[in-house]
Amino acid sequence: MGKINYSIVDVFSQGKYTGNQLAVFKNAEKISENEMQNIAKEINFSESTFILSSTKKDSVYDVRIFTPNEEIPFAGHPTLGTAYVIQNELLEKPCDRLILNYKAGQIPVSFDNQEEVLWMKQNEPTFGQVLDTNKVSDVLNIDKEYIDTRFPIQEVSTGLPVIIVPLKSLEAVKKVSIDRKKYYELIEHTDAKAIMVFSPETYSSENDLNVRDFADYYGIPEDAATGSSNGCLASYLVKYEYFETKEINIRVEQGYEINRPSLLFLKASDDNGRINVYVGGKVEKIAQGEWFL
């Protein structure tokens, strides 16, 4: 019987047992795609990652990401969690920067050791279709008056698309309850399969936005912390000058409604029409062990 080593970390954490859980499987180049999918389903976290091999230099790694339902080309909390494991468990000596190779492209990760924050630079965003307020409010099971119509409901992608929905209040965020039938009807006609709602009202006065992310299509009814969607949100905030500026440096809270409080740091700016996006957070190691194949 073969076996493989793995670690479990909490990403975008505020201490143990907060943030988003991630299982990271090391030296996984000999595992089949089918086996990876079965392992991800067995773990049943929102994502699990599989480190294949380093290429050319020890600072570049090929990585695959699986939700319980399918492989995805990019995700945020798996990027930071995997980089943390590589830095602390696979490298002979720490480095300042790693690059992770995904199907969506290369994602650089840097380490702020003083603040104990990892930062990923996401791909340049693309902005897709604008969606109808009535349809989306029906999916969210809220009155359309809760939606902030000063800004569009729109598909945005930095590697994995999401539907961004601006809400007026924390009360509105709390009321969201996905109508699964209408959700699946909606995403038949969108590239994005996840929906992120956000509000300028927060649980903690230290934070700038509260968000929730729903992705039942991927086997994730609600996500505790979503780095990819928050990167899309950062792009959206800059494009539409939500804070009346084309540059942001903010704190975002997520996961409070499912008792997994998470904290994400977003930086983004418009550089002559090109939006640069960075998403950061802390990582906490929880466990490690052997997986029998």
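In what follows, the structure referred to is the one given above.
Residues numbered from 1 in each chain as written. Predicted model: local features only at pLDDT ≥ 70, side-chain atom pairs only at ≥ 80, totals over all residues. Heavy atoms only, no water.

### Details of helix 6 (residues 227-239)
Look at helix 6: 18 Å from first C-alpha to last across 13 residues, which is about the 18 Å you get at 1.5 Å a residue. Listed in full, the buried residues belonging to helix 6 are Gly227, Ser228, Ser229, Asn230, Gly231, Cys232, Leu233, Ala234, Ser235, Tyr236, Leu237 and Val238. Positive phi appears at Glu241, one or two residues downstream of helix 6, with a value of about 50°. (Helix = DSSP H or I, 4+ residues; strand = E, 2+ residues; numbered from the N terminus. Expected span 1.5 Å × (residues − 1). Buried < 20%, exposed > 50% of the residue type's maximum accessible area, 1.4 Å probe, protein only.)

### A few points about the pattern of salt bridges
Tallied over the entire structure, the rule returns 16 salt bridges. Two residues, Glu71 and Arg64, come together in a salt bridge whose shortest N-O distance is 2.8 Å. Judged by relative accessible area, Glu71 falls into the buried class, the value being 17%. Notably, a salt bridge pairs Arg212 with Glu257, separated by 3.9 Å at the nearest N-O pair. (Salt bridge = Lys/Arg side-chain N within 4 Å of Asp/Glu carboxyl O.)

### Some points on the packing of aromatic side chains
All chains considered together, the criterion is met by 15 aromatic pairs. When the centroid spacing of 5.7 Å and the interplanar angle of 90° are considered together, the rings of Phe50 and Phe66 count as edge-to-face. Highlighted residues: Phe50 in strand 3 (residues 48-55) and Phe66 in strand 4 (residues 57-66), separated in sequence by 16 residues. One aromatic cluster is present, formed by Phe151, Phe198, Tyr236, Tyr240, Tyr242 and Phe243 through successive ring pairs. The ring of Phe127 carries Lys239 above its face, with NZ or CZ at 4.9 Å from the centroid. (Phe/Tyr/Trp six-rings, centres within 6.5 Å; stacked < 30°, edge-to-face > 60°. Lys NZ or Arg CZ within 6 Å of the ring centre and 35° of its normal.)

### So, the layout of surface pockets
The calculated volume of the largest pocket comes to roughly 260 Å³. Together, 16 residues line the largest pocket, and Tyr84, Asn113, Glu116, Val117 and Leu118 are the ones closest to its centre. Those elements that place two or more of their residues in the lining of the largest pocket are helix 2 (76-90), strand 7 (105-112), strand 8 (117-122) and strand 18 (283-292). With three residues, the top contributor of residues to the lining of the largest pocket is helix 2. Taken together, the residues of the lining of the largest pocket sort by class into six nonpolar, six polar and four charged. Roughly 200 Å³ of internal volume is contained in the second largest pocket. Where the lining of the second largest pocket is concerned, the elements lending two or more residues are strand 9 (126-130), helix 3 (133-140) and helix 5 (180-187). (1 Å grid on protein atoms, 1.4 Å probe; cavity = no way out; pocket = protein on both sides within 12 Å on 5 of 7 lines; lining within 4 Å. Points joined across faces, edges and corners; volume = space filled by probe spheres on them. Nonpolar A, V, L, I, M, F, W, Y, C, P; charged D, E, K, R; others polar.)

### Thoughts on empty space enclosed by the protein
Inspection of the entire model under this criterion finds one cavity of 30 Å³ or more. Here the largest cavity defines a volume of roughly 120 Å³. Contributing to the lining of the largest cavity are 20 residues, with Glu47, Leu160, Asp223, Thr226 and Ser228 lying nearest its centre. Sorting the residues of the lining of the largest cavity by element identifies helix 2, strand 13 (209-215), strand 14 (220-223) and helix 6 as the ones contributing at least two each. Broken down by element, the lining of the largest cavity gets its largest block of residues, three residues, from helix 6.

### Remarks on helix 3
Taken residue by residue, helix 3 has Val136, Ser137, Val139 and Leu140 as its buried positions. Taken around the axis of helix 3, the buried residues stretch over an arc of 155°, which confines them to a single face. Lining the buried residues of helix 3 we find strand 11 (162-166), helix 4 (170-175), helix 5 and strand 12 (194-199). Looking at where helix 3 begins, the residue whose side-chain oxygen comes 3.1 Å from the main-chain nitrogen of Asn134 is Asp132. (Arc of directions from axis to C-beta. Contact = heavy atoms within 4.5 Å. Polar contact = N/O pair within 3.5 Å; in protein donor to acceptor, adjacent residues only side chain to side chain.)

### A few points about the side chain of Asp223
As for its position among the elements, Asp223 is in strand 14. Not counting residues within four places of it along the chain, the set of residues in contact with Asp223 comprises Asn20, Ser46, Asp213, Gln254 and Ile258.

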